[in-house]
Amino acid sequence: DKCTSIQVELKDDHFSVSNNGKSIPIQVHKETNLWVPEMIFAHLRTSGNYTKGEKRVTGGKNGLGAKLAIIFSNKTIITIINKEQKKQYTQTFTDHMLTRSKPEIKKVSGKVSNMVRIECYPDFPRFANSTQFSTDMKKYLSRRVYDIAATTPSHVSVYLNDECIPVNNFLSYVSLYEPQATVSNTILHTKPNDRWEIALVPSDTEFQQVSFVNNIHTYKGGKHVAYVMKHIEDHLFKLIQKKQP
């Protein structure tokens, strides 16, 4: 099933992320004798992306993201709904994944949608002298939700605290940086294929970039940014040469 909705809840002391795409099988793995959701979320090296040099179109590596979120949290609740199996799976992890509850499996009926949801209560004192997200951190995490809305397909609606993010494509995301700009006179935009999308906006300061690779924010730029800039610079250089007397 295609994912059409991503829901992010960001509160003072916890966060959750869920989506309605393809679900996880709610069954015991034949070889490990572990429930598949527990194996995916709570056992290291139970994932992919290990082969060096392998070309990928997804982000992340070795499935560490969700596992590390659980490890650095005092409590985490995972909830899986598999509409084909008509089952719901719920399991709670506490004390940085050292303790885990017995999975609760129950039947669901009627018209239900797939769901994979993780809800984490971070161990804040481990990172700072605090018991909740700071204002700046909440702003940063909220910005990351906007990044998700910008880099996912247009048919996916992204929500933050039950409010739909008003970004459904990359161009509308670019417009947030330049609210007064328009595509016709200020924003240069092109999408040569499904893997590349580029937008340029004039700046009164030095060169700045905002970029993503496989939906991951590459805040330092990288070869992909250098590649685009090299083509632009070469083209401008040729134009300047032609105008020289």
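Residues numbered from 1 in each chain as written. Predicted model: local features only at pLDDT ≥ 70, side-chain atom pairs only at ≥ 80, totals over all residues. Heavy atoms only, no water.

Asker: Lay out the overall build of the protein chain in plain terms, naming residues and giving numbers.
Answerer: Regarding its fold elements, the protein chain presents five helices and 13 strands. A fraction of 53% describes how many contacts in the protein chain between residues 6 or more apart in sequence connect residues 24 or more apart. Element-wise, carbon and sulfur atoms account for 54% of the exposed surface of the protein chain, whose accessible area totals about 16400 Å². (Helix = DSSP H or I, 4+ residues; strand = E, 2+ residues; numbered from the N terminus. Contact = heavy atoms within 4.5 Å. Areas by Shrake-Rupley, 256 points an atom, 1.4 Å probe, with all protein chains shown as cover.)

Asker: Explain the packing of aromatic side chains residue by residue, including any values.
Answerer: Counted under the stated rule, the structure contains eight aromatic pairs. An angle of 55° between the planes, with centres 5.5 Å apart, marks the rings of F72 and F127 as tilted. Of the two residues, F72 sits in the loop between α2 (64-71) and β3 (73-82) while F127 sits in the loop between β7 (115-122) and α3 (135-151), which places them 55 residues apart along the sequence. Looking at F72, the relative accessible area reads 34%, which means it is partly exposed. Looking at F127, the relative accessible area reads 55%, which means it is exposed. A centroid spacing of 5.5 Å and a plane angle of 70° characterise the contact between Y173 and Y177, whose relative ring orientation is edge-to-face. You can see Y173 and its partner Y177 sitting in helix α4 (residues 170-177), four residues apart, about one turn around the helix. Joined through ring pairs, the aromatic side chains of F170, Y173, Y177 and F212 make up one cluster. The aromatic ring of Y121 is capped on one face by K75, whose charged end is 4.7 Å from the ring centroid. (Phe/Tyr/Trp six-rings, centres within 6.5 Å; stacked < 30°, edge-to-face > 60°. Buried < 20%, exposed > 50% of the residue type's maximum accessible area, 1.4 Å probe, protein only. Lys NZ or Arg CZ within 6 Å of the ring centre and 35° of its normal.)

Asker: Explain the nonpolar core to me, using residue names and the numbers behind them.
Answerer: Formed by 19 residues in total, the largest nonpolar core has its most connected members in V145, V158, L160, I165, V167 and Y173. For this core, the elements supplying multiple residues, two or more each, are β1 (5-10), α3, β8 (157-160) and α4. Among the elements that make up this core, the one with the highest residue count is α4 (four residues). Setting aside residues no more than four positions away along its own chain, L160 makes contact with V8, L10, S142, V145 and I165. I24, I80, Y89 and F93 belong to the second-largest nonpolar core, a separate cluster that totals 14 residues. (Core = buried A, V, L, I, M, F, W, Y, C linked by side-chain atoms within 4.5 Å.)

Asker: Explain α3 residue by residue, including any values.
Answerer: Between the first and last C-alpha of α3 there are 25 Å, a value that for 17 residues agrees with the 24 Å anticipated at 1.5 Å per step. Listed in full, the buried residues belonging to α3 are S142, V145, D147, A149 and A150. Each element contacted by the buried residues of α3 is listed here: β1, β8, α4, β12 (212-213) and β13 (216-217). (Expected span 1.5 Å × (residues − 1).)

Asker: Quick one: what's the story with the packing of α3 against α4, residue by residue and with numbers?
Answerer: Interhelical geometry of α3 versus α4 gives an angle of 145° and a closest axis separation of 8 Å. From α3, R143, Y146, D147 and A150 reach across to α4, where they touch F170, Y173, L176 and Y177. Here the contact of α3 with α4 is built from residues that sort into six nonpolar, no polar and two charged. (Axes fitted to C-alpha atoms, helices over the stretch in contact; angles between N-to-C directions. Nonpolar A, V, L, I, M, F, W, Y, C, P; charged D, E, K, R; others polar.)

Asker: Provide a residue-level description of the pairing of strand β11 (residues 196-200), including the pertinent values.
Answerer: With four bridges connecting them, strand β10 (residues 188-193) and β11 associate as antiparallel partners. The residue of β11 that forms the bridge with L188 is L200. (Pairing = 2+ DSSP bridges.)

Asker: Lay out the pattern of salt bridges with the relevant residues and their values.
Answerer: A side chain with one charge can pair with a side chain of the opposite charge if their charged atoms come near. Across all of its chains, the model carries eight salt bridges by this definition. E38 is paired through a salt bridge with R100; the nearest N and O atoms lie 3.1 Å apart. In this pair, E38 is assigned in helix α1 (residues 36-42) and R100 in strand β5 (residues 99-100), connecting sequence segments 62 residues apart. Residue class for R100 comes out partly exposed when judged on its relative accessible area of 31%. (Salt bridge = Lys/Arg side-chain N within 4 Å of Asp/Glu carboxyl O.)

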